[in-house]
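Coordinate inspection notes
What follows is the residue order along each chain.
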Amino acid sequence: MYTDYHFQREERLLEEMAYPALDKQREEHAALRARVQDFRARHLAEPNPVLTVEIEDFLKTWMMSHILEEDMRYKPLFEAPTSSGA
Ligand SMILES: [Fe+2]
């Protein structure tokens, strides 16, 4: 799935940057993968609209929380240095 590719790429970049909170990133990514696999299994076993809404809500909440909190923590690693430091 695309998420796997994205997470692997993100984790590899953070590893190269020696990001100190990489374990937390890996942990959250793994938890999402497990949750998505669970949703998938439940959907395949018994598709229903309530589950679809539940999945959408979960993914929206997870993405907002993960991107705005965890991913924002490493943002400074990828920002260009300012010229004021010289
Ligand atoms: Fe992430």
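Parameters at a glance
Residues numbered from 1 in each chain as written. Predicted model: local features only at pLDDT ≥ 70, side-chain atom pairs only at ≥ 80, totals over all residues. Heavy atoms only, no water. Core = buried A, V, L, I, M, F, W, Y, C linked by side-chain atoms within 4.5 Å. Buried < 20%, exposed > 50% of the residue type's maximum accessible area, 1.4 Å probe, protein only. Helix = DSSP H or I, 4+ residues; strand = E, 2+ residues; numbered from the N terminus. Contact = heavy atoms within 4.5 Å.

Formed by F7, L32, F39, L51, I55, F58 and W62, the largest nonpolar core amounts to seven residues. Among the secondary structure elements, those contributing two or more residues to this core are α2 (22-45) and α3 (49-73). Per-element accounting of this core gives the leading share, four residues, to α3. If sequence neighbours within four positions are ignored, F39 has contacts with L51, E54, I55 and F58.

Okay, the side chain of E70 next. Looking at where E70 falls in the secondary structure, it is placed in helix α3. E70 sits in the buried class, given a relative accessible area of 5%. Those residues within four positions of E70 in sequence are excluded, and the remaining contacts are Y19, K24, Q25, E28 and S65.

These values are about where atoms sit, not about what they do.
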